[in-house]
Each structure stands twice: as C-alpha cells, then as structure tokens.
Amino acid sequence: MMQILYEHFAEPMTLENGSVLPELTVAYSTAGRLSPARDNVIWVCHALTADSRVDEWWLHTVEHGRFLDPDKWFIICANILGSHYGTTGPLSVNPDTGEKWYGDFPQFTVRDMVACHRRLAERLGIREVALLVGSSIGGFQALEWSVQVPKFARKAAFIATAVRSDAWAIAFSESQRMAIEADATFGQRSDNAGERGMAAARSIALLSYRGRPAYNLTQDEPSGCGKLSGFRAVTYQQHQGEKLRRRFNAYSYYRLSQAVDSHDLARGRGRIEDVLKGIESKCLVVAITSDILFPPSAHEIMVRCIPDVEYRTIDSEFGHDGFLVEYELLDGIIRDFMAR
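Everything numeric in this text was worked out from a predicted model, so none of it was measured.

## A few points about the overall build of the protein
Moving on, step 1. Helix and strand counts for the protein come out as 11 helices and 12 strands.
Moving on, step 2. In terms of C-alpha radius of gyration, the protein reaches 20 Å, essentially the compact-globule figure of 20 Å for 340 residues.
Moving on, step 3. Each of the three principal axes of the protein carries a C-alpha extent, and together these read 65 × 50 × 40 Å.
Moving on, step 4. Out of the 340 residues belonging to the protein, those deemed buried represent 56%.

## Topic: the environment of serine 262
Moving on, step 1. Mapped onto the elements of the fold, serine 262 is located in helix H7 (residues 250-262).
Moving on, step 2. Residues serine 262 and isoleucine 170, 92 residues apart in the sequence, show an inter-C-alpha distance of 9.1 Å.
Moving on, step 3. Excluding its chain neighbours within four sequence positions, the residues that come into contact with serine 262 are Thr109, Val110 and Arg267.
Moving on, step 4. Separated by 2.6 Å, the side chain of serine 262 and the backbone oxygen of alanine 259 make a polar contact.

## Things to note about the pattern of salt bridges
Moving on, step 1. The full count for this structure, using the stated rule, is 29 salt bridges.
Moving on, step 2. The residue aspartate 191 makes a salt bridge to lysine 100 at a minimum N-O spacing of 3.0 Å. Here aspartate 191, found in the loop between helix H4 (167-181) and helix H5 (195-218), pairs with lysine 100, found in strand E8 (residues 99-100); they are 91 residues apart in sequence, far enough to count as distant.
Moving on, step 3. The residue arginine 246 makes a salt bridge to glutamate 242 at a minimum N-O spacing of 3.0 Å. Taken together, the residues span about one helical turn, with arginine 246 and glutamate 242 both in helix H6 (residues 232-247) at a distance of four residues.
Moving on, step 4. Beyond isolated ion pairs, a larger network of salt bridges with shared partners links Glu16, Arg111, Glu144, Arg267 and Arg269.

## Side note on the pairing of strand E4 (residues 24-31)
Moving on, step 1. In terms of residue burial, E4 counts as a mostly covered element, since six of its eight residues are buried.
Moving on, step 2. Relative to E4, strand E1 (residues 4-9) is paired through six bridges, and the arrangement is antiparallel. The residue of E4 that forms the bridge with histidine 8 is threonine 25.
Moving on, step 3. Summarising the sheet, E4 and strand E6 (residues 74-78) pair through four bridges and their orientation is antiparallel. By the bridge assignment for E6, serine 29 is matched with cysteine 77.

## Side note on the packing of aromatic side chains
Moving on, step 1. Under the definition given, this model contains 16 aromatic pairs.
Moving on, step 2. Ring geometry for phenylalanine 105 against phenylalanine 108: centres 6.0 Å apart, planes inclined by 80 degrees, an arrangement best described as edge-to-face. With respect to burial, phenylalanine 105 and phenylalanine 108 carry one shared label: buried.
Moving on, step 3. What links up through ring pairs into an aromatic cluster is the set Trp57, Trp58, Phe67 and Phe323.
Moving on, step 4. Sitting over the face of the ring of phenylalanine 337, lysine 155 holds its NZ or CZ atom 5.0 Å from the ring centroid.

## Considerations on the side chain of glutamine 141
Moving on, step 1. With respect to the element layout, glutamine 141 can be found in helix H3 (residues 137-148).
Moving on, step 2. With residues near it in sequence (within four places) discarded, glutamine 141 still touches Cys45, His46, Ile80, Val110, Met113, Val114 and His117.

## Here we look at the nonpolar core
Moving on, step 1. Counting 73 residues, the largest nonpolar core has Trp43, Leu81, Ile126, Leu132, Phe158, Tyr253 and Leu276 as the members making the most contacts within it.
Moving on, step 2. For leucine 81, the contacting residues outside a window of four places in its chain are Leu15, Leu21, Leu24, Thr87, Thr88, Phe105, Phe108, Asp112, Met113, Cys116 and Leu256.
Moving on, step 3. Core analysis: the second largest hydrophobic core is formed by 30 residues, Val44, Ala50, Ile159 and Leu330 among them.

## As for the packing of H4 against H7
Between two packed helices, the angle of one axis relative to the other and the distance separating the axes together describe the packing.
Moving on, step 1. For the pair H4 and H7, interaxial distance at closest approach is 10 Å and the crossing angle is 160 degrees. Compared by their axis directions, H4 and H7 come out roughly antiparallel. Like other packed secondary-structure pairs, H4 and H7 cross with a definite hand, here left-handed. Judged by residue contacts, Ile170, Ser173, Gln176, Arg177, Ile180 and Glu181 of H4 engage Ala250, Tyr253, Tyr254, Ser257, Gln258, Val260 and Asp261 from H7.
Moving on, step 2. Residues that form the contact of H4 with H7 fall into these classes: six nonpolar, four polar and three charged.

## A closer look at the pairing of E6
Moving on, step 1. The buried count for E6 comes to five of five residues, which makes it a mostly enclosed element.
Moving on, step 2. Burial along E6 is two-sided: the face carrying Phe74, Ile76 and Ala78 and the face carrying Ile75 and Cys77 are both buried.
Moving on, step 3. In terms of strand pairing, strand E5 (residues 41-45) meets E6 through four bridges, oriented parallel. From the neighbouring strand, valine 44 faces E6, where its bridge partner is cysteine 77.

## Focus on the sheet that holds strand E11 (residues 282-288)
Moving on, step 1. Read across the sheet, eight strands follow the order E1-E4-E6-E5-E9-E10-E11-E12 without closing on themselves; strand pairing throughout is mixed. Edge positions in the open sheet fall to E1 and strand E12 (309-314), since each of these has one partner strand only. The mean angle between the axes of side-by-side strands here comes to 20 degrees, regardless of whether they run parallel or antiparallel.
Moving on, step 2. Pairing between E11 and E12: six bridges, direction parallel. What sits directly across from isoleucine 288, in E12, is isoleucine 314.
Moving on, step 3. The sheet contacts of H3 involve E5, strand E9 (129-135) and strand E10 (153-159), and relative to E9 the element is tilted by about 140 degrees.
Moving on, step 4. Along the sheet, helix H9 (residues 296-305) makes contact with E10, E11 and E12, crossing E11 at roughly 165 degrees.

So, how was this worked out
- Residues numbered from 1 in each chain as written.
- Predicted model: local features only at pLDDT ≥ 70, side-chain atom pairs only at ≥ 80, totals over all residues.
- Heavy atoms only, no water.
- Helix = DSSP H or I, 4+ residues; strand = E, 2+ residues; numbered from the N terminus.
- Rg over C-alpha atoms; globule rule 2.2 N^0.38 Å.
- Buried < 20%, exposed > 50% of the residue type's maximum accessible area, 1.4 Å probe, protein only.
- Contact = heavy atoms within 4.5 Å.
- Polar contact = N/O pair within 3.5 Å; in protein donor to acceptor, adjacent residues only side chain to side chain.
- Salt bridge = Lys/Arg side-chain N within 4 Å of Asp/Glu carboxyl O.
- Pairing = 2+ DSSP bridges.
- Phe/Tyr/Trp six-rings, centres within 6.5 Å; stacked < 30°, edge-to-face > 60°.
- Lys NZ or Arg CZ within 6 Å of the ring centre and 35° of its normal.
- Core = buried A, V, L, I, M, F, W, Y, C linked by side-chain atoms within 4.5 Å.
- Axes fitted to C-alpha atoms, helices over the stretch in contact; angles between N-to-C directions.
- Parallel < 35°, antiparallel > 145°, perpendicular 65-115°, else oblique.
- Left-handed = near helix turned anticlockwise from the far one by under 90°.
- Nonpolar A, V, L, I, M, F, W, Y, C, P; charged D, E, K, R; others polar.

As structure tokens, this is what we get:
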C-alpha cells in the first residue's frame, strides 16, 4: 500500500492570479525503488477528487506486470493544490491568521497545481521521468507540465483529457457550484459547510462522467417492472453523492472546479497548434469512445500537432469513467507504448 509523505516549503508561493500562499505543504505517495541512475520514475497526475495513493483509486495498475509495476518503476503521485488529502488547501491553517482558510482560500489554476509539483520534483532531485501520465484533470496537469518543461518527461500519456476546458465542461462545473451555493451552510467557517450541496454537485458530475449508455447499462429497470419509485438510478445518484460527502470537503471541491475551468494551454502563449508543437516527449493520446466530457474529437488537435505522438481509443460503454473501468485495456496500451 502506498503511504502518504509530506514536503513542506516555507517560501511563499505566488499564484497565477497574483494571490500569495505564505507557505506550502505537498502530500505525495511513492511505490517501488528509485534506481541509482534515477531513470526509472513514473509520475502520475491524479484527477479531481482522487488522492496520491494511486493503488487505491486506479485499481490493478500498481501491481507486478502492470504498467505501474513497482518492481520495475519508481512511481510517484502528488496530491494537487487545494485538495482535501494533504496538500495545502481550504482546510489548511493560514499562518497569517492562525485559522483555517475555508472560503478565503485563493482561487488557483492548473498551472499553479503544476508549479507545486515542480517544487516537489526539484526537492526530491527528480529532473526527468520515464513517463508522465495523467487522465482527465490529471491529463490537464500532464499537458501543462509537458509545455512548461519540454524535457521533463521522456514519454507522456494524456488520457481522456483536453487542451482546454470548453463551454460544455465549464457549464457542468458551474451547475455543480450552484448546487453547493444553494446549501445554506456554505460560507460558514466549518469543515462540514456545504456538504449536502456538494453531494448534489457530485450527482451532477456523474452525468458527465458516465453518460446515457452507462446509466442504461447499469441502472435501468426492466420494462414493465411496475415501479413507481425507488428506481436504481435514483438510489445510485444518492449513494454516489453521499460517498463524496463523507470523504471530501465542499470548499476544496468548489475551488478545484474553478481550477478545472481555468485550463487552457494556449492562454498567454499564442496559437494552440504552436504550443503543442513545442512538446518534446514521445506522447500517447488515449480517448474513450463514449466520453461526453472529453470526447475523441477533443483529442484530435493533440494527435495532429504534437510532433511525436500515437493515438489509441478504448471502446467502452462507461464514458469518461472508462479510464478507470477499462484498466485491462488501458494497461495493455500503455505497456505497449512504454516497450516501443
């Protein structure tokens, strides 16, 4: 089991919007052993509400013979800025006030997330990785890192992701924030503030993560079942909302959703085509055929403009969540990519 470690940085960190964090703590987890040449590192960038323990949320990947084989690779995953799992965020204490940040925690971006992890990599003496891999929002980070430091990753894998958050993705985020804001407790200086609103927000997010085919495959009722209430889809939404309510924080969720909206590789850099052409890693782009959040069409520009790239699709009924569900197919794709 991957254990959570912590690195503390006493130096202030200026965020992209000019706000300043007086100090920074980054939580991270590792598996395997770093080689003497430090050439066997795989850095995993996690998605929205995951944590640094990849073996717990990306099942059957951190195992012998898999693409995250700890007998071969030194695997590291760092918790993102603003998250609920150890890295500085809304439940951290603001050293300037002696109280938790809560809603006062400044807005941040995907670029700020990467800046935090670059600090960690430098502290750990990791100047190059064999593979930089990220799915969904993790893909946002992997793309951003590949643009900021073109020589950091010898190979990079961008899975079920996009070069920017488009209006469709931002609309889902805003509906989730509206649900949180509708909770009368949101805004209170409490760890539990807004948690019922966050549960509703999670149910909205799941619609974009799964889509109609997945819901109809797993939650549909037989025709003529005679039910008037108690439908599977209803209890599924309630159950998933409750699961997140028990393990996450509404202030973190709110700020993270805003960071998702901020993702735009071309911001301040010129044409996206030229930005992508600056990526020097050998790249793998993987799309899920039924993904309605980041569909295959969102991956086309990466395939067209990244100089050294191969493209694969996974045929799945599970939409955006296919990168988690179809781990067998994804494992084969990434192991083949690493072997070439």
